[in-house]
Amino acid sequence: MLEGKVILVTGAGGGIGKALALGAAQAGAAVVVNDLGATLTGERESKGAAEAVVDEIVAAGGKAVANTDSVAEPEGAERMVQTAVDTFGRLDACVNNAGILRDGFFHKMSFEDFASVIQVHLFGAFNVSRAAAPVFREQETGSLIHMTSTSGIIGNLAQANYSAAKLGIVALSKSIALDMSRWNVRSNCIAPFAWSRMTSNIKVDSPEQEARVAKLREMKPEKISPLVNYLASDAARDVTGQIFSVRNNEIFITNQIRPIRSVHRSEGWTAETVADHAMPALRGSFTPMDVSADIFPWDPV
Ligand code: NAI
């Protein structure tokens, strides 16, 4: 499905990114494998992560090149895109997948932990998309696929930095989809579920949580690959501005925030009438204080 296409996958040295890079190469794409070789919290650790995935792709008869820049730096993102163009002559799709975690309850979250997570996820998605934009515009085609999270779309404890970045990515994606549709540039999000270094970081301190983690272990990163390959391909030419989710053999489409109920008084409102009239009328439509696990309570299929 991706024969002749060139795809950049960020954070592809391990986890979901690696599975996506291998999957795209198998489908015929030439792949720029980016990875900084970072620890879970974002410190540069090993230079070899991207090269190892390139070796694997080439050994299987595919085409790939490594890049070890950070998505958090605009110049790094530009080099990734330039690597695609210099090595393979074009760029058809970017998967904004690189990520880090610095979890902590809000009242304990440091400025640095907030900033660094926003920097890698939200600025990273901006930097890579922005670097690709002129190439896509010139080619009059291109596909951006951003990894978001149910942590941002729904909610999760102790992830204010990550949730804010991931919901920011949803708005970024929609804005790009609107601004660049005249050049056939598409932009979609996927909230993936997979057992990886990131999910294995979940703290387990009760038998219930242990049971939950046992279920998470069954979710394979490879299962995200078919949707990514489809979105990168010409078959998805009319699919843009959407939020999908993949959990093993399930694919979901997620709705987007819209007004769901309104009240009005022709004479206008006071704080008292808001209390006596507006809130009782709107309360039935309040969104519950739920977390991702409340919305996905059944086992992965
Ligand atoms: P992972 O921790 O296994 O992989 C992330 C990769 O990104 C690592 O190889 C790391 O070296 C690389 N990276 C980190 N900072 C970088 C930077 N500045 N520049 C370039 N590369 C960098 O994580 P996983 O689970 O594979 O996550 C992939 C994406 O999917 C992330 O965006 C994550 O937020 C998202 N996601 C994952 C979920 C899951 O269930 N695993 C759930 C929801 C979202």
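From a predicted model like this one, the values you see are computed outputs, not experimental measurements.

Undergrad: Which residues make up the site of the ligand, and what are the values?
TA: Taken together, the neighbourhood of the ligand is formed by 31 residues, with Ile16, Asp35, Asn97, Tyr162 and Ser196 sitting nearest. For the ligand, an oxygen atom lies 2.5 Å from a polar atom in the side chain of Tyr162. Isolated, the ligand exposes 830 Å² of accessible area, and the fraction of that covered by the protein chains is 95%. Of all the secondary-structure elements, those providing two or more residues to the shell around the ligand are helix H1 (15–26), helix H4 (111–139), helix H6 (160–180) and strand E6 (185–193).

Undergrad: Account for unusual backbone geometry, with residues named and values stated.
TA: Unlike most non-glycine residues, Ala158 shows phi in positive territory, near 65 degrees. Position of Ala158 relative to the elements: it lies in the loop between helix H5 (150–153) and H6. Given the relative accessible area of 19%, Ala158 is considered buried. The phi dihedral of Asn184 falls on the positive side, at around 60 degrees, and the residue is not glycine. Within the secondary structure, Asn184 is located in the loop between H6 and E6.

Undergrad: How would you explain the sheet that holds strand E2 (residues 30–34) if you had to name every residue and give the values?
TA: What the 8 strands build is an open sheet, ordered E3-E2-E1-E4-E5-E6-E7-E8; its pairing is mixed. Here the strands that pair on one side only, and so sit at the sheet edges, are strand E3 (63–67) and strand E8 (250–253). The sheet shows a mean angle of 20 degrees between the axes of neighbouring strands, direction not considered. Across 4 bridges, the pairing between strand E1 (residues 6–9) and E2 is parallel. When the bridges of E2 are listed, Val6 appears paired with Ala30. Its contacts with the sheet place helix H2 (residues 48–59) against E2 and E3, and it is angled at close to 175 degrees to E3. In the packing of H6 onto the sheet, contacts are made with strand E5 (142–147), E6 and strand E7 (243–247), and the angle to E6 comes to roughly 160 degrees.

Undergrad: Outline the packing of aromatic side chains, supporting the account with residue identities and numerical values.
TA: Taken as a whole and judged by the stated rule, the model has 4 aromatic pairs. Seen in terms of ring centroids, Phe296 and Trp298 are 5.8 Å apart; in terms of plane orientation they differ by 40 degrees. Their pairing is tilted. Taking relative accessible area as the criterion, Phe296 reaches 15% and is therefore assigned buried. Joined through ring pairs, the aromatic side chains of Phe193, Phe252, Phe296 and Trp298 make up one cluster. Stacked on the ring of Trp298, the Lys or Arg Arg247 has its end atom at 5.0 Å from the ring centre. Above the face of the Trp269 ring, Arg265 is positioned so that its terminal group lies 5.8 Å from the ring centre.

Undergrad: I'd like a rundown of the packing of H1 against H2, residues and numbers included.
TA: Helix packing geometry: the angle between the two helix axes and the distance between the axes. At a minimum axis distance of 10 Å, the contact between H1 and H2 shows a crossing angle of 25 degrees. When the axis of H1 is compared with that of H2, the two are roughly parallel. In the crossing of H1 with H2, the sense of the turn from one axis to the other is right-handed. For the pair H1 and H2, contact is made by Lys18, Ala21, Leu22 and Ala25 and by Val53, Glu56 and Ile57, respectively. Among the residues forming the contact of H1 with H2, the class breakdown is 5 nonpolar, no polar and 2 charged.

Scoring rules and cut-offs
Each chain carries its own residue numbering, running from 1 in the direction its sequence is written. Totals for whole chains, interfaces and linings use every residue, but because this is a predicted model, local features are given only for residues with pLDDT of at least 70 and side-chain atom pairs only at 80 or more, for both listing and counting. The side-chain numbers reported here are obtained from all heavy atoms of the structure, hydrogens and water having been left aside. Summary of the distance rule: residues count as near a molecule or strand when at least one heavy atom falls within 4 Å of that molecule or strand. Residues adjacent in sequence count toward polar contacts only when both atoms are side-chain atoms; beyond that, a polar contact is any pair of N or O atoms within 3.5 Å, and within protein one must be able to donate a hydrogen and the other to accept it. Computed with a 1.4 Å probe, the accessible areas rest on the Shrake-Rupley method; for each residue, only the protein chains presented here act as cover. In this text, helices come from DSSP runs of H or I with a minimum length of four residues, and strands from runs of E with a minimum of two, each type numbered from the N-terminal end. When accessible area is computed with a 1.4 Å probe and restricted to protein chains, residues below 20% of their type maximum are described as buried, those above 50% as exposed, and intermediate ones as partly exposed. Only strands joined by at least two bridges in the DSSP assignment are considered to pair. Between N-to-C directions, angles cover 0 to 180 degrees, with each direction set by a line fitted to C-alpha atoms, over the stretch in contact for helices. Here, two residues are considered to be in contact whenever any of their heavy atoms come within 4.5 Å of each other. The rule is short: rings of Phe, Tyr and Trp, with Trp giving its six-membered ring, pair when the centres are within 6.5 Å, and they are stacked under 30 degrees, edge-to-face over 60, tilted in between. Charge-over-ring contacts are defined here by two conditions on Lys NZ or Arg CZ: a distance within 6 Å of the ring centre and an angle within 35 degrees of the ring normal. Reported orientations rely on four angle classes, namely roughly parallel under 35 degrees, roughly antiparallel over 145, roughly perpendicular from 65 to 115, and oblique for the rest. With the far helix as reference, a near helix turned anticlockwise by less than a right angle produces a left-handed crossing, and one turned clockwise produces a right-handed crossing. We call Asp, Glu, Lys and Arg charged. Ala, Val, Leu, Ile, Met, Phe, Trp, Tyr, Cys and Pro are nonpolar, and the rest, Gly among them, are polar.

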